[in-house]
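What follows is each chain in one-letter form.
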Amino acid sequence: MLVLKQHGQDFLVGNKFSWADVQLMEAILAVEEKVPAVLSGFPQLQVFKTKMSNMPTIKKFLQPGSPRKPPPDAHYVETVLKFEESYLEKKEDLTKLQK
């Protein structure tokens, strides 16, 4: 990931653990559940995942039997897609108004 490589820090925002790191880690884990080899071409993301996975709180969360968020079901995916579609329509309307 170019952002990780360019700014040379351990975390996405500055040099401290933040919600952005949690969100990226969650996205990586979710995609890996569907496509296990997804990070094979992304060494920076592999390093990031390893680093995050070794943080004590995240390591505990990832242990078998922990209350991990289940993978999204069809209803969840449909809800997210509707939200994104609505957001994009509103953004497009706002852009038209600004012209």
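Look a little higher up for the structure.
These notes cover the structure that comes with them.

Thresholds applied
- Residues numbered from 1 in each chain as written.
- Predicted model: local features only at pLDDT ≥ 70, side-chain atom pairs only at ≥ 80, totals over all residues.
- Heavy atoms only, no water.
- Helix = DSSP H or I, 4+ residues; strand = E, 2+ residues; numbered from the N terminus.
- Buried < 20%, exposed > 50% of the residue type's maximum accessible area, 1.4 Å probe, protein only.
- Contact = heavy atoms within 4.5 Å.
- Areas by Shrake-Rupley, 256 points an atom, 1.4 Å probe, with all protein chains shown as cover.
- Salt bridge = Lys/Arg side-chain N within 4 Å of Asp/Glu carboxyl O.

### Focus on the overall build of the chain
Of the regular secondary structure elements, the chain holds 5 helices and 0 strands. For the chain, the α and β elements follow one another from N to C terminus as α-α-α-α-α. A burial count over the chain gives 17% of its 99 residues as buried. The long-range fraction of contacts in the chain, counting pairs at least 24 apart against all pairs at least 6 apart in sequence, stands at 44%. Total accessible area on the chain stands at roughly 7900 Å², and carbon and sulfur atoms take up 63% of it.

### Examining the pattern of salt bridges
Under the definition given, this model contains 2 salt bridges. The partner of Glu32 in a salt bridge is Lys49, and the shortest N-O contact between them spans 2.8 Å. With Glu32 in helix α2 (residues 19-34) and Lys49 in helix α3 (residues 43-53), the pair connects residues that are 17 residues apart, well separated along the chain. The salt bridge partner of Lys82 is Glu78, with a shortest N-O separation of 3.1 Å. Of this pair, Lys82 and Glu78 both sit in helix α5 (residues 74-98), 4 residues apart, which is roughly one turn of the helix. Accessibility expressed as a relative area gives 43% for Glu78, which makes it partly exposed.

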